[in-house]
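Descriptive structure summary
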Amino acid sequence: MIAKIFGDLKEILTLRSLQARIFIIVLVMGIIPCVVMRYGILDNYEERAVENRISSVQNQLMVVGNHLISNNYFNLKPEGFTSSVSKEVINAELEMISNLYEGRVMIIDSSLRVVRDTYGISEGKTIVSEEVIRCFQGENVSNLTNYDREHGYIEMTTPIIDSSMEPSVIVGVMLTSISNDAIVNTMEAVNRRGVILQNLIVVVVMALAMTLSVLLTRPFNRVTEAIREVKEGYSDESISVTDYAETVHIVDAFNQLLKRMRDLDVSRQEFVENVSHELKTPMAAIKVLADSLLVQQDAPVELYQEFLGDITSEIDRENRIITDLLALVKMDKKAQELNIVSLNVNDLTELILKRLRPIARKKDVEVVFESMRPVTAEVDEVKMTLIMTNLVENAIKYNKDHGWVKVELDADHQYFTFRVSDSGVGIPEDALAHIYDRFYRVDKSHSREIGGTGLGLAITKSAVLVHRGTITVTSKEGQGSSFSVRIPLFYTGS
Ligand code: ADP
């Protein structure tokens, strides 16, 4: 339990869990826009507030500038000296601006001398400022405005233009710096509210992310749970989770696997039953023979010899079945290594036919070999021998007396074909699909008589498949059969 919790936690921390990923994605998608919006709104507000403040100060300064000109503040025109009363009025106006915007206004004349400072500290001094000089040179006002956010002030340089002259002349400059405290205060208030709202959204988004991550991954948990039920053996029914196309695909694949496992289980059971049955038959015969000898007192030696001969042939049969079973089991082991060699298939065929001809002779069956070309292939010699021997042996076994067996060998640039045709009893159409099944025999008693175990073609097919080849058959009952094996000339691994 603890290990599972740690496992789950590790999955969540390393983001391997889908639930954790959904949670983070929803969280990030919910929170990022919220944070961006907060900073965006603040920035936008600041920009606009500064612009507004600058333009309203500029307006007021323009008015004052006009007053300065109309009242001949700089005493430029000898005909109209400024009265001390109007000077007072203008100073009061400047004072008002500087109080209203918590700033300082300086009036500078064309000789760069400060004629008025609302702070009263620089009057009479000469000011050497780049902005002032540029302003006298006629540079645009907007270029001469500075917003120093760090130190909290806005500085602007405004020309005082005498437009009564032709052309109009810049007679002085107003150097103004105002505080941005009011803007900062408002921004702080807005920010405070923004933070509260943002935290609220974070909580809501977190709850939403948590709920979504649980809800969206629930079908996958159902799949896991259903698979676990099958694994534990509580159920062997097909499962169904139809919430998503993805779960349907997973579940479909699992159900197919389950069906395959069930089929395998059934075929294994059948196989075990068949094996037991096949092994029991000779045993039962042996027991009957031995029992009948036992119950007969003074049985003649000839009877003993006859029965013991029968017992020996039953033991031989039992032996054959066990040998074939072992061959089949070996073939089934996937991990087994194939011993691939480059083999002259013509020579191998000749050798096998030489071995089998004596059996054929007993039934007076003629065996002919037709080779279209010399064939050399990369195959496992033992398995290739099994394939060829089984097919030719069957063709002889299931033949009529005085019949024939034809073995053909051909190849193209990729495959070689080994075909065994016979003039034998043939295979009924409905049996064709089963002849590769273990222990399948068309005619059980006849097959047993001639020493068949029903495993030969199963072994042959497995041996062909490990070579990545194919085996096909055509047959007509009463007329004969033709088995054709096609195997790649070059082994590419299985
Ligand atoms: P068996 O050991 O009985 O020969 P096989 O697996 O080799 O088992 O063959 C399965 C069955 O297929 C045989 O019992 C037989 O009825 C049928 N069969 C195989 N080869 C031939 C053939 N060449 N002609 C007719 N029937 C065949």
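Keep in mind that what you see is a predicted model, and the values were worked out from it rather than measured.

Reading guide: rules and limits
Residues numbered from 1 in each chain as written. Predicted model: local features only at pLDDT ≥ 70, side-chain atom pairs only at ≥ 80, totals over all residues. Heavy atoms only, no water. Helix = DSSP H or I, 4+ residues; strand = E, 2+ residues; numbered from the N terminus. Rg over C-alpha atoms; globule rule 2.2 N^0.38 Å. Buried < 20%, exposed > 50% of the residue type's maximum accessible area, 1.4 Å probe, protein only. Contact = heavy atoms within 4.5 Å. Areas by Shrake-Rupley, 256 points an atom, 1.4 Å probe, with all protein chains shown as cover. Lys, Arg positive; Asp, Glu negative; His and termini not counted. Charge placed at Lys NZ, Arg CZ, Asp CG, Glu CD. Near = heavy atom within 4 Å. Polar contact = N/O pair within 3.5 Å; in protein donor to acceptor, adjacent residues only side chain to side chain. Core = buried A, V, L, I, M, F, W, Y, C linked by side-chain atoms within 4.5 Å. Domains from an automatic or database assignment. Pairing = 2+ DSSP bridges. Axes fitted to C-alpha atoms, helices over the stretch in contact; angles between N-to-C directions. Parallel < 35°, antiparallel > 145°, perpendicular 65-115°, else oblique. Left-handed = near helix turned anticlockwise from the far one by under 90°. Nonpolar A, V, L, I, M, F, W, Y, C, P; charged D, E, K, R; others polar. Buried area = accessible area lost by both parts, 1.4 Å probe. Salt bridge = Lys/Arg side-chain N within 4 Å of Asp/Glu carboxyl O.

Some words on the overall build of the protein
- Looking only at helices and strands, the protein features 11 helices and 12 strands.
- Here the C-alpha atoms of the protein give a radius of gyration of 53 Å, more than 25% beyond the 23 Å that 2.2 N^0.38 yields for 494 residues.
- Residue burial in the protein is summarised as follows: out of 494 residues, 38% are buried.
- Taking all contacts inside the protein whose residues are at least 6 apart in sequence as the whole, residues at least 24 apart take part in 66%.
- Carbon together with sulfur atoms contributes 57% to the accessible area of the protein, which is approximately 29,800 Å² in total.
- Separation between the mean location of the 52 positive side-chain charges and that of the 68 negative ones in the protein comes to 4 Å.

Some points on the site of the ligand
- Near the ligand there are 21 residues, and of these N394, Y398, S447, T453 and L457 occur at the shortest range.
- The contact in question runs from a nitrogen atom of the ligand to an N or O atom on the side chain of D422, over 3.0 Å.
- Take G454: an N or O atom from its main chain is 2.9 Å from an oxygen atom of the ligand.
- Only α9 (381–397), α11 (456–466) and β12 (480–488) provide two or more residues apiece to the shell around the ligand.

Things to note about the nonpolar core
- Among the nonpolar cores identified, the biggest contains 51 residues, and L391, F416, F418 and F483 are the most heavily contacted of them.
- By residue number, the principal contributor to this core is α9, which donates 7 residues.
- Two domains each provide a minimum of three residues to this core, namely domain 1 (246–332) and domain 2 (340–488).
- Setting aside anything within four residues of it in sequence, one finds F483 in contact with L391, F418, R419, V420, I427, I435, Y436, L457, I471, T472 and V473.
- If you look at the next biggest cluster of nonpolar residues, it comprises 25 residues, including A49, V57, L61 and L68.

With respect to the environment of E139
- Note that E139 resides in the loop between α4 (130–136) and β3 (145–148).
- You can call E139 partly exposed: its relative accessible area is 29%.
- Each C-alpha atom of the pair E139 and N274 lies 108 Å from the other, and the pair is 135 residues apart in sequence.
- Apart from residues no more than four positions distant in its own chain, E139 is found in contact with R134 and L144.
- In this structure the side chain of E139 is engaged in a polar contact, spanning 3.4 Å, whose partner is the side chain of N143.

Looking at the sheet that holds strand β5 (residues 169–179)
- An order of β2-β1-β5-β4-β3 is seen for the 5 strands of this open sheet, with the pairing classed as antiparallel. A single partner strand is all that each edge strand has here, and the edge strands are β2 (114–117) and β3. Between one strand and the next, the sheet's axes are offset by a mean angle of 15°, whatever the strand orientation.
- Pairing between β3 and strand β4 (residues 153–162): 4 bridges, direction antiparallel. Each residue of the ladder has a partner; that of N146, found in β4, is E155.
- The sheet strands contacting helix α2 (residues 18–70) are β1 (103–109), β3, β4 and β5, and the helix crosses β4 at an angle near 30°.

Focus: the packing of α2 against helix α5 (residues 181–232)
- Remark: α2 packs on α5, axes separated minimally by 8 Å, with the N-to-C direction vectors making an angle of 165°. Considering their axes alone, α2 and α5 lie roughly antiparallel with respect to each other. Crossing handedness for the pair α2 and α5: right-handed.
- Across the contact of α2 with α5, the residue classes tally to 27 nonpolar, 8 polar and 3 charged.

So, the domain arrangement of the protein
- Considered domain by domain, the protein is made up of domain 1 (246–332) and domain 2 (340–488).
- Spacing between the C-alpha centres of domain 1 and domain 2 amounts to 24 Å.
- Contact residues are listed per partner, giving 14 residues for domain 1 and 16 residues for domain 2.
- Both faces considered, domain 1 and domain 2 share a buried interface measuring about 1,400 Å² in area, 64% of it formed by carbon and sulfur atoms.
- A per-residue breakdown of the area domain 1 buries against domain 2 is headed by R317, L328 and M331, which together make up 42% of the total.
- Close ionic contact of R441 with E278 constitutes a salt bridge, the shortest N to O distance being 2.5 Å.
- Linking domain 1 to domain 2 there are 3 residue pairs in polar contact (both at pLDDT 80 or more).
- Those elements that provide at least two residues to the side of domain 1 that touches domain 2 are α6 (245–295) and α7 (301–332).
- The leading source of residues in the side of domain 1 that touches domain 2 is α7, at 9 residues.

Topic: the pattern of salt bridges
- A complete count under the given rule lists 17 salt bridges for this structure.
- Across the pair R317 and E278 runs a salt bridge, and its minimum N-O distance is 3.8 Å. Placement of the pair is R317 in helix α7 and E278 in helix α6, with a sequence separation of 39 residues. Here R317 matches E278 in class, with each residue buried.
- A salt bridge links R373 to D410, with the shortest nitrogen-to-oxygen separation between them at 2.9 Å.

A word on the pairing of β5
- Most of β5 is tucked away: 8 of the 11 residues are buried.
- In terms of strand pairing, β1 meets β5 through 7 bridges, oriented antiparallel. Among the inter-strand pairings, G103 is bridged to a residue of β5, identified as I178.
- Of the pairings in the sheet, the one linking β4 to β5 comprises 10 bridges and is antiparallel in character. In the sheet register, T158 faces β5, and the bridge partner there is M174.

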